[in-house]
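# Fold and contact review
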Amino acid sequence: METPRERAEKLREEIRKHDYHYYVLDQPLISDAEYDRLFRELVELEQAYPDLVTPDSPTQRVGGEVLKGFTPVQHRVPLLSLDNAFNERELRDFNRRLKERLGDEAVAYVCELKIDGVSIALVYQDGVLMSGATRGDGIVGEDVTANIRTIKSLPLRLTYPLPRVEVRGEVYMPKEAFARLNREREDRGEKTFANPRNAAAGSIRQLDPKVTAGRTLGLLVYDILHLEGKEIDSQRETLEFLSELGFPVDRNFRWCASLDEVLEYCEEWQGRRHELPYEIDGVVVKLNSLPARQLLGATAKSPRWAIAYKFPAEEKET
Ligand SMILES: NC(=O)c1cc2c(N)ncc(C(N)=O)c2s1
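Now for a look at the structure at hand. Since the model is a prediction, treat every value here as computed from it, not as a measurement. (Residues numbered from 1 in each chain as written. Predicted model: local features only at pLDDT ≥ 70, side-chain atom pairs only at ≥ 80, totals over all residues. Heavy atoms only, no water.)

### With respect to the site of the ligand
Close contacts around the ligand come from L80, S81, L82, E112, L113, K114, I115, R168, E170, Y222, V284 and K286, and that covers them all. A distance of 2.9 Å separates a nitrogen atom of the ligand from a polar atom in the backbone of I115. Here a nitrogen atom of the ligand sits 3.2 Å away from a polar atom, N or O, in the side chain of E170. Taken together, the elements giving at least two residues each to the shell around the ligand come down to β3 (109-115), β7 (164-172) and β10 (280-287). (Near = heavy atom within 4 Å. Polar contact = N/O pair within 3.5 Å; in protein donor to acceptor, adjacent residues only side chain to side chain. Helix = DSSP H or I, 4+ residues; strand = E, 2+ residues; numbered from the N terminus.)

### As for the pairing of strand β4 (residues 118-125)
The buried fraction of β4 is high, at seven of eight residues. In the sheet, β4 pairs with β7 via eight bridges, with the strands oriented antiparallel. Bridge pairing in β7 links S119 to E170. With six bridges joining them, β4 and strand β5 (residues 128-134) adopt antiparallel strand pairing. Across the sheet, the residue bridging to Y124 is L129, located in β5. Linking two consecutive strands that pair antiparallel, namely β4 and β5, is a turn of two residues; a positive phi of about 50° is found at D126 within it. (Buried < 20%, exposed > 50% of the residue type's maximum accessible area, 1.4 Å probe, protein only. Pairing = 2+ DSSP bridges.)

### Focus: the sheet that holds β4
Spatial ordering of the open sheet is given by β5-β4-β7-β8, a layout of four strands whose pairing is antiparallel. Edge positions in the sheet fall to β5 and β8 (218-228), since each of these pairs with one other strand and no more. For this sheet the average axis-to-axis angle between neighbouring strands, irrespective of direction, equals 25°. In this fold helix α8 (residues 235-244) packs onto β7 and β8, with an angle of close to 115° to the strand it touches most, β8. (Axes fitted to C-alpha atoms, helices over the stretch in contact; angles between N-to-C directions. Contact = heavy atoms within 4.5 Å.)

### What about the pattern of salt bridges?
Between side chains of opposite charge, a pair can form as their charged atoms come close. The final tally for this structure, using the stated rule, is 30 salt bridges. Put simply, R7 and E2 hold a salt bridge, and the shortest N to O gap is 3.8 Å. For E166, the salt bridge identified is with R164, shortest N-O distance 2.8 Å. Pair check on accessibility: E166 and R164 agree, each one buried. One network of salt bridges, in which partners are shared, links E2, R7, E34, R37 and E41. (Salt bridge = Lys/Arg side-chain N within 4 Å of Asp/Glu carboxyl O.)

### Considering the nonpolar core
In this structure, L122, Y124, I148, L154, M173, L219 and F247 are the most contacted members of the largest nonpolar core, which totals 37 residues. Top contributing element to this core by residue count: β4, with four residues. Setting aside anything within four residues of it in sequence, one finds L122 in contact with L129, S131, G132, I148, L154, V165, E166, V167, L219 and F247. Formed by 32 residues, the second largest nonpolar core is a distinct cluster that contains C111, L220, L259 and V285. (Core = buried A, V, L, I, M, F, W, Y, C linked by side-chain atoms within 4.5 Å.)

The values are spatial; any link to function lies outside them.
Structure follows, in structure tokens:
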């Protein structure tokens with residue numbers, strides 16, 4: 001016979017698995033009714049035995065406290081911004097500068113969609129979410145932990161208890177949710193948001209996490225800022241590992257053997273951006289090899305080993 005603690009742990013693991021399949025893979029394994037039954041059993045068990053509650057329990061996503069303000073957070077690793085390229089010539093200049101510095105050893109890239117959202121840094125210790133902070137000025141951001149915990153695709157516990165890992169991702173509001181939110185605000189005579197990025201920023205900078213919980217937000221993780229307990233050599237490996245840890249990762253990334261392949265990717269996705277459920281404003285082109293990135297380093301503002309190719313602004317629908 002299971003003890004209440006064993007039952008609670010089993011329910012948490014089960015619900016975590018279903019959250020991953022539903023919110024990250026978009027492939028639910030059970031019906032909503034069955035999921036709700038599991039969730040309700042855990043809520044009732046934790047109410048009967050309050051000392052069983054753990055911070056990573058799926059029942060603890062929406063805190064009750066309304067903040068007075070946001071605590072500043074100093075990022076251990078500065079969250080740099082990206083230099084921009086607006087056309088093929090500027091991408092070719094980037095490629096040439098990189099090859100000059102690296103010598104002609106194989107320079108491969110990984111291209112990733114540039115999500116039009118809000119950058120955040122997430123810290124996990126022993127596999128458990130410790131904090132989430134906005135980028136801020138890149139050095140100091142705002143502690144928005146209570147709000148990002150409400151994002152269902154954000155894991156409160158990773159699949160392995162790595163001693164410490166810090167990752168960077170983008171919080172975004174899907175296009176559909178953005179349109180629905182603005183319709184509701186218009187019906188209430190409230191100001192509407194200009195675009196999904198502003199709506200996402202406004203939603204994670206709420207002082208009341210229950211308001212954030214009422215907004216549909218997504219998360220896509222794309223960089224490891226700090227890692228203990230594992231060696232990784234490339235961006236491709238980074239993205240695969242982030243996925244293994246249970247993070248939502250945009251699967252549209254592509255390893256490119258040459259700049260020509262990078263240009264093909266940029267052209268393809270400039271034409272396909274409407275297919276996506278979220279807005280993108282370009283492509284991030286990153287040197288794949290992490291050791292080679294070390295050779296290049298970063299300026300005070302941005303890395304030398306990556307660049308953002310920005311799509312031309314879309315004509316607004318009138
Ligand atoms: N400012 C930055 O460094 C980045 C910003 C973004 C963004 N908005 N979306 C995706 C990525 C990515 N896949 O790397 C990056 S990287």
